[in-house]
Amino acid sequence: SSVMGRLRIVALLICALFAVAAAPQRASAQDAETIQAAKDLMAVISPDTIRQMGQSMTNQIWPAIERDLRVKHPEISQATFMELRTELENIQVRYMTDVMADAPKIYAKYFTAAEFREMLAYHKTPTGQKALKLMPQVMTEVITTITPQIQNLQAQIIASFRDVLRKKGISL
């Protein structure tokens, strides 16, 4: 599959992972304590964690991007490739940082202040710290594992839609 196709799938997966952050907000009477507790929990997800997520995603998708670009544009220098890789990583980090900025309000719709304090207490334990440190790597591996499955699912859906529509005299 093409690099752009892979990028589209990765972008869709990232959007799916963070879809809750983009969901339309319902009117609710979120109290200040709950929102502050959500912010406290989100603060545990440090800029370093977000940076790690960006690096992990870049490490997974960059080889295919570089390979495709080298074939199509052999004149691109190694220095330019490094600049493009850095730009890809920076875009991902900025995107995830922006998405996470809205997360406390959304989380506050689903959890109480007391529940946030419990989650925060967990994240301060050695196991919670380990989870925070390893989660970017784990999520990257999950995305890498499911990407081919999503491509197969997409192909099945398109084939099925074509069959249904063909029976109705419609061609895709």
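Since the structure is predicted, the reported quantities are computational estimates derived from the model, not experimental observations.

Asker: Explain the overall build of the protein here, please?
Answerer: Regarding its fold elements, the protein presents 8 helices and 0 strands. Ordered by position in the sequence, the α and β elements of the protein form the string α-α-α-α-α-α-α-α. Among the 172 residues that make up the protein, the fraction classed as buried is 28%. If you take every contact in the protein between residues at least 6 apart in sequence, the share linking residues at least 24 apart comes to 82%. Carbon and sulfur atoms make up 61% of the accessible area of the protein, which totals about 11300 Å².

Asker: What is the right way to look at the packing of aromatic side chains in this model?
Answerer: Aromatic ring pairs are described here by two measures, namely the spacing of the ring centres and the angle between the planes. A full pass over the atoms with the stated rule returns 3 aromatic pairs. Here the aromatic rings of W62 and F81 are separated by 6.3 Å at their centres, their planes lie at 75 degrees, and the arrangement is edge-to-face. Of this pair, W62 sits in helix α4 (residues 47-72) while F81 sits in helix α5 (residues 78-101), placing them 19 residues apart in sequence. For the pair shown, W62 and F81 are each scored as buried. Among the aromatic residues, those joined into a ring-pair cluster are Y107, F111 and F116.

Asker: Explain the pattern of salt bridges here, please?
Answerer: Where side chains of opposite charge bring their charged atoms close, a pairing between them can arise. Throughout the structure, instances matching the rule amount to 5 salt bridges. Where R94 meets E87, a salt bridge forms, and the shortest distance between an N and an O atom there is 3.6 Å. By relative accessible area, R94 is classed as partly exposed at 45%. Using a relative accessible area of 37% as the deciding quantity, one classes E87 as partly exposed.

Asker: So what exactly am I meant to see when it comes to the confidence of the model for the protein here?
Answerer: Any segment with low pLDDT has predicted coordinates that should not be analysed in fine detail. Taken over all residues, the pLDDT of the protein has a mean of 81, while the share at 70 or more is 82%. In the model, residues 20-29 has pLDDT below 50 throughout and makes 11 contacts with residues more than four positions away in sequence or in other chains.

Asker: I tried to follow helix α3 (residues 32-44) on my own but got confused; where do I start?
Answerer: For an α-helix, the turn length of 3.6 residues means that residues three or four places apart are oriented alike. If you check α3, its first and last C-alpha atoms are 19 Å apart, about what 13 residues at 1.5 Å a residue would give, namely 18 Å. Taken as a whole, α3 has its buried residues at T34, I35, A37, A38, L41 and M42. In an axial view of α3, the angular spread of the buried residues amounts to 160 degrees, which keeps them on one side of the axis. Exposed residues on α3 whose side chains face more than 90 degrees from its buried face are A32 and A43. Put simply, D31 is the residue that caps the front of α3, since its side-chain oxygen is 3.1 Å from the backbone nitrogen of E33.

Asker: Which parts of the structure should I look at to understand a nonpolar patch on the surface?
Answerer: On the surface, a cluster of nonpolar side chains totalling about 280 Å² of accessible area is made up of L134, M135, V138 and V142. If you trace the backbone, V138 turns up in helix α8 (residues 126-167).

Asker: Explain the side chain of H123 here, please?
Answerer: Following the sequence through the fold, H123 ends up in helix α7 (residues 113-123). Those residues within four positions of H123 in sequence are excluded, and the remaining contacts are L41, V44, G128, Q129 and L132.

Asker: Would you mind showing me how to read the nonpolar core here?
Answerer: Taken as a class, soluble globular proteins show a tendency for nonpolar side chains to be buried jointly. In this structure, L41, M42, I50, M100, A108 and F116 are the most contacted members of the largest nonpolar core, which totals 15 residues. Mapped onto this core, the elements with two or more residues apiece are α3, α4, α5 and α7. Discounting chain neighbours no more than four positions away, the residues touching M42 are M100, A103, P104 and Y107. Judged by nonpolar contacts, the second largest core, of 6 residues, contains I61, W62, I76 and L88.

So, how was this worked out
Residues numbered from 1 in each chain as written. Predicted model: local features only at pLDDT ≥ 70, side-chain atom pairs only at ≥ 80, totals over all residues. Heavy atoms only, no water. Helix = DSSP H or I, 4+ residues; strand = E, 2+ residues; numbered from the N terminus. Buried < 20%, exposed > 50% of the residue type's maximum accessible area, 1.4 Å probe, protein only. Contact = heavy atoms within 4.5 Å. Areas by Shrake-Rupley, 256 points an atom, 1.4 Å probe, with all protein chains shown as cover. Phe/Tyr/Trp six-rings, centres within 6.5 Å; stacked < 30°, edge-to-face > 60°. Salt bridge = Lys/Arg side-chain N within 4 Å of Asp/Glu carboxyl O. pLDDT = per-residue confidence, 0-100. Expected span 1.5 Å × (residues − 1). Arc of directions from axis to C-beta. Polar contact = N/O pair within 3.5 Å; in protein donor to acceptor, adjacent residues only side chain to side chain. Patch = residues over 30% accessible without salt bridge, like charges linked within 9 Å, V, L, I, M, F, W, Y side chains within 5 Å. Core = buried A, V, L, I, M, F, W, Y, C linked by side-chain atoms within 4.5 Å.

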